[in-house]
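Geometric and topological summary
Below, each chain spelled out in residue letters.
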Amino acid sequence: MISEIESIPSIDFSKLKNCINTNGKEIISKEIKKACKEYGFFYILNHNIEQSLIERLIELSKKYFSLPLEIKMKMNIKIGENETNLGYFSLGQHYSTGLDHKEGIYLDLENNINPLKDKQLYPTKEEEILYGIVGFKDTCETFMKCLKQFSIQLMGLIALSLNLPEDYFNQLYLNNPHFNLGLLKYMSFNKEKEKEKEKEKEKEKKENKNKFGAGPHCDWGLFTLVYQDDVGGLQVKSKTSGNWINVKPIKGSFVFNIGDMLEIITNGYYNSMLHQVIYNTSGRDRYSFPFFFNPQTDKPIMPIDNLEKTIIDNNFKKNIKLLNFKGTYNDYHIIQMNKLFNK
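Here's a quick rundown of the structure. Since this is a predicted model, take the numbers as computed values, not measurements.

The rules we used
- Residues numbered from 1 in each chain as written.
- Predicted model: local features only at pLDDT ≥ 70, side-chain atom pairs only at ≥ 80, totals over all residues.
- Heavy atoms only, no water.
- Helix = DSSP H or I, 4+ residues; strand = E, 2+ residues; numbered from the N terminus.
- Buried < 20%, exposed > 50% of the residue type's maximum accessible area, 1.4 Å probe, protein only.
- Contact = heavy atoms within 4.5 Å.
- Phe/Tyr/Trp six-rings, centres within 6.5 Å; stacked < 30°, edge-to-face > 60°.
- Pairing = 2+ DSSP bridges.

On to the overall build of the chain. The helix and strand inventory of the chain stands at eleven helices and 13 strands. Across the 343 residues in the chain, those meeting the buried criterion constitute 56%. Contacts in the chain between residues at least 24 apart in sequence constitute 80% of all its contacts with a sequence separation of at least 6.

Within the secondary structure, serine 253 is located in the loop between β10 (244–246) and β11 (254–258). A residue is classified by how much of its surface remains accessible, and serine 253, at 5% relative accessible area, is buried. Among residues more than four places away in sequence, those in contact with serine 253 are Tyr43, Ile44, Leu45, His47, Val226 and Tyr227.

To continue, consider the packing of aromatic side chains. Taken as a whole, this structure holds 20 aromatic pairs when the rule is applied. Ring geometry for phenylalanine 65 against tyrosine 287: centres 6.2 Å apart, planes inclined by 40°, an arrangement best described as tilted. Of this pair, phenylalanine 65 sits in helix α3 (residues 51–65) while tyrosine 287 sits in strand β13 (residues 286–294), placing them 222 residues apart in sequence. In terms of burial, phenylalanine 65 and tyrosine 287 fall into one category: buried. Aromatic rings pair up to connect Phe42, Phe179, Phe223, Phe256, Phe291 and Phe293 into one cluster.

Another point: the pairing of strand β6 (residues 178–186). With nine of its nine residues buried, β6 lies for the most part within the structure. Side chains His178, Asn180, Gly182, Leu184 and Tyr186 of β6 all project onto a buried face; the interleaved residues Phe179, Leu181, Leu183 and Lys185 project onto the opposite face, where all are buried too. In terms of strand pairing, strand β5 (residues 103–107) meets β6 through five bridges, oriented antiparallel. If you follow isoleucine 105 over to β6, its bridge partner there is leucine 183. Relative to β13, β6 runs antiparallel, the two being bridged by seven bridges. Looking at the pairing, leucine 184 lines up with serine 288 of β13.

Right, here's the structure in full:
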């Protein structure tokens, strides 16, 4: 069921600039605590990521996805050949709780890629000219570098929200944090064509209920920052009612959501919540850009002992045994990755 009255909160990060530094951090960390406890999601307004960079990323992503499939498949994800989920996936390869109706590519900084294990992730400069996507690599990498720095700042605010020193997480997980960027296209499926026979209308409605752009899932890492276009379709499950809340696009904003690692580290004080993207019949393709920020891959995950678990209905959670996990983020990443892709 869709909630028509609930919405996720918004946090205005201009307070960091407009207040005395310490006061701004204190105000925002309290707002983060409230949003994380109540929803696990919030909008970030007035961040420091340039809108011109975001618009350039959107423009180049649309051009990239318009390339012939055989060109995109040169960078196809090969699960089992390496321990990353980097590369392109086509419709039919990506699964959450069922087939996801989308295509996309997961990227990292080229310097972080092992050339002996990983295939070519970016087009060469010559290929960028040939394909009409000049600046693709530079734009993606600049976007990731900006969000990495912003994410480290966010982890400091999250530490403050837990009454911990601002640099609490730095030595534990952030000396060399793991991250990647998704460029995702949720193609629109022709609504009129699907409903051209009136007698099949109800049948198709039922079928579409079982189709998703991305099925209900939780993210794996510390948190995700998502920039979405104006088509919409993202939904999060309410902690209190169990209904789905529409996360409506707000131009210029990022959507923050807690990942499994942050739930484990906070010992269930903050929860990663189920979210999904509806099956797109809007008549317009939807583009979304999730940035996944994760702990350093080889550091053991150490729960904070003195935090009280937040009690929520097990029916609203993905994995009631999540807090039993022991190991590194790399261990968790490999387990989850093999569930996600159709090899």
